[in-house]
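# Topology and contacts: notes
Chain by chain, the residues:
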Amino acid sequence: MTQPHTDATSIPRIDAATLKRWLHDGAEIGLLDVREHGQYGEGHPFLAVSLPYSRLEIEAPRLLPRKTARLVAFDDGDGVAPRAAAALQALGYTDVHVLQGGAPAWRAAGYTLFAGVNLPSKTFGELAEHICHTPRISATDLADRQRRGDKLVVLDGRPFTEYAKMNIPGGICCPNGELALRIQDLVPDAETTIVINCAGRTRSIIGAQTLINLGVPNPVMALENGTQGWYLADLPLEHGSSRKYPEAMPARELPALRERAEALARQYGVDTVDAAQVRAWLADAARTTYLCDVRTAEEYAAGTLAGAQHTPGGQLIQATDQYIGVRNARIVLIDSEGVRAPVVGSWLKQMGWDVHVLREGVAADVPGGAATASGTAGNGVAAGNAVTASTGVPATDLPAPPPIAATDLAAAQRAGAVLVDVRPGMAYRKGHIAGAIWSIRPRLHTLDLPRDARVVLLAAEPAVAALAARELAASGITQTQVNCEGLNAWRAAGLKIESGADVPADKDCIDYLFFVHDRHDGNKAAARQYLAWETNLIHQIDEQERSLFRFPVGSVAD
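Now for a quick tour of the structure. Keep in mind that this is a model prediction, so the values were computed, not measured.

Moving on, we come to the overall build of the protein chain. Of the regular secondary structure elements, the protein chain holds 23 helices and 23 strands. Against the compact-globule benchmark of 24 Å for 558 residues, the protein chain has a radius of gyration of 24 Å, which places it among compact chains. Viewed in the frame of its principal axes, the protein chain has a C-alpha envelope of about 75 × 55 × 50 Å. Of all 558 residues assigned to the protein chain, the portion counted as buried reaches 56%. Excluding contacts between residues fewer than 6 apart, the proportion of contacts in the protein chain whose partners are at least 24 apart in sequence is 77%. When the accessible surface of the protein chain is split by element, carbon and sulfur atoms take 52% of a total near 21800 Å². Of the side chains in the protein chain, 53 bear a positive and 63 a negative charge, and the two mean positions are spaced by 1 Å.

Right, let's get into the sheet that holds strand β2 (residues 30–33). What the five strands build is an open sheet, ordered β1-β5-β4-β2-β3; its pairing is parallel. Bordering the open sheet on either side are β1 (13–14) and β3 (49–50), each of which pairs with just one other strand. Note that strand β4 (residues 71–74) and strand β5 (residues 96–99) share three bridges and pair parallel. By the bridge assignment for β5, A73 is matched with V98.

Let's shift gears to the pairing of strand β10 (residues 220–223). Burial along β10 is two-sided: the face carrying V220 and A222 and the face carrying M221 and L223 are both buried. As defined by bridge partners, strand β6 (residues 136–137) adjoins β10 across two bridges and the pair is classed as parallel. Counted as the bridge partner of I137 is L223 from β10. A crossover connection joins strand β9 (residues 193–197) to the parallel β10 through helix α10 (residues 202–213); in handedness this β-α-β unit is right-handed.

Right, let's talk about the pattern of salt bridges for a bit. Scanning the model with the defined rule gives 38 salt bridges in all. Its salt-bridge partner being D508, residue R443 comes within 3.5 Å of it at the nearest N-O pair. Within this pair, whereas R443 is found in the loop between β20 (437–438) and β21 (454–458), its partner D508 is found in the loop between β23 (497–498) and α21 (514–518), the two being separated by 65 residues in sequence. Using a relative accessible area of 25% as the deciding quantity, one classes D508 as partly exposed. A salt bridge links E498 to K496, with the shortest nitrogen-to-oxygen separation between them at 3.9 Å. Given the relative accessible area of 31%, E498 is considered partly exposed. Within this structure, E57, R83, R441, R470 and E471 form a network of salt bridges that share partners.

This part covers helix α6 (residues 119–132). A rise of 1.5 Å per residue sets the reference length of α6, with its 14 residues, at 20 Å; its end C-alpha atoms lie 19 Å apart and thus fit the reference within 8%. Buried residues dominate α6, accounting for 12 of its 14 residues. For α6, the full list of buried residues reads L119, P120, S121, K122, T123, F124, G125, E126, L127, A128, E129 and I131. The secondary structure elements touched by the buried residues of α6 are β6, α10, α15 (313–318), α16 (340–350), α22 (524–540) and α23 (543–546). Looking one or two places after α6, you find H133, whose phi comes out positive at around 55°.

Structurally, D274 can be placed in the loop between β11 (271–273) and α13 (275–282). A relative accessible area of 31% places D274 in the partly exposed class. Sequence separation between D274 and H432 is 158 residues, and the spatial gap between their C-alpha atoms is 53 Å. Residues contacting D274, with those up to four places away along its chain left out, are L358, R359 and E360.

Calculation notes
- Throughout, a residue's number is its position along its own chain's written sequence, starting from 1.
- This being a predicted model, a pLDDT of at least 70 is required before a residue's local features are given, and a value of 80 or more before pairs of side-chain atoms are given or counted; all residues contribute to the totals for chains, interfaces and linings.
- Excluding hydrogens and water, the side-chain figures rest on all heavy atoms present in the structure.
- For the purposes of this entry, the term helix denotes a DSSP run of H or I that reaches at least four residues, the term strand denotes a run of E that reaches at least two, and both are numbered from the N terminus.
- When we talk radius of gyration, it's over C-alpha atoms, and the globule rule is simply 2.2 Å times the number of residues to the 0.38.
- For each residue, the accessible area found with a 1.4 Å probe, counting protein chains only, is set against the maximum for its type, and the residue is called buried under 20%, exposed over 50%, and partly exposed in between.
- In what follows, a contact means two residues having at least one pair of non-hydrogen atoms within 4.5 Å.
- Note on areas: Shrake-Rupley, 1.4 Å probe, and residue coverage restricted to the protein chains presented here.
- Only four residue types enter the tally: Lys and Arg on the positive side, Asp and Glu on the negative side, with His and both chain ends excluded.
- Each charge is placed at NZ for Lys, CZ for Arg, CG for Asp and CD for Glu.
- Strand pairing is assigned whenever DSSP identifies at least 2 bridges connecting the two strands.
- For crossovers, right-handed means that the path from the first strand over the helix to the second runs clockwise, given strands pointing away from the viewer.
- Here a salt bridge means any side-chain nitrogen of Lys or Arg lying within 4 Å of a carboxyl oxygen belonging to Asp or Glu.
- Every helix has an expected span of 1.5 Å times one less than the residues it contains.

And the structure:
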């Protein structure tokens, strides 16, 4: 199957002033930064969503469920945005534009390019701390209290995979989205002080303030600067811990927990809707609706509503732009017990989202709306039964090139095949087949390859390889094969493996954001830089960006 041809030159261009106006006109808009993750993290508009060209057709159906939503592709002014926009049109998106001149034009117009990721969520967290006066405790004070044997518990608000890498000594993993449901099992008495931590700041603040907003009687504090603050204070972290919240649902406490959560949702204006209303929304071709399952990964995998994506509650608040690609869209939250969704909704409402809670949760009769010829709902949500074995929103059909076994790669090299490694740049650095060259989809066209070249793509995911092959085909190179078996299989096949810390060079690792990751690799300067960046966000946004948030009337930031 080949991609339908779309002429990139025919895609409408807009200027920076028009884009800025669109971002704040109240209508739906998806500002899509189609550069790679490292480029995106070095500087992008406040409301830009990362949709790297190397993964565009893989991620677009999930991030952009409505094909008629207004979209703008954003790049470095280097021609990637028109190609990405053409790919979106080939997927069926009908209202696609390109920012003329990309990031340089945005900056030249006087608008800010923000470093980092998850900007709206992190900025919101900083504002919430100022407005709510969330209590906090320093790393040294917490360590002193632990040494004294004070009655306290440390709860880590991150997902278990993050927690297992490093945690505050004695801390228990309880992701923020689970706090409202699990807190009484974790802290059964009101005298115990509760400290919430994350890796940095946002989830510490939101987790602590969640418990305060719920009326938990315990003293509650956020650990200032999280595990990074602990590390910067020269305190030892634990690694590989396995303590976590109880798996069992607290059935006896559920009525009281549900009442408390519903009261919080009402306080912040989050309404509860029934399945009939959601069915109508999903059938509405004029508005984007996201179904977000805020439960645990295990619960989601056991069954969810057709078309719902897994958005664990704490992470949906922390990194909304990783799940919701269209600003001013409608969000419907679902759980199974009526506690987690209302609490998550209370925060999303304050973040400026049109958010609702589905009363029946995963038991709702929501078949996904009216089916279209493509087999998906008119709103882009997959049609099907109410609860299905969960695989998330179906991926776009991406036929992969013919496979080649690891045991045949050496012979292919000897016969003149070019091995192109399209795995992440850092994975290539750690180990790659000798003679393989590293590249990435937006730069494949720069490879000096003849049209009759035989290319073997080495990939971590078949879909990424399929997109790379599609890109090569656009340049006339059609003899492609793929191997996704990885380093262990390559070694077992007797292939020589090489590594190096400077190939690809830092400037070419456009898929890797150095300052975000180095803070966890023993680099104290990077940790300090990150924390300074995070706390400064509220001073970088303009009035229009600040007005996106909806804190309670009468709240005034310091």
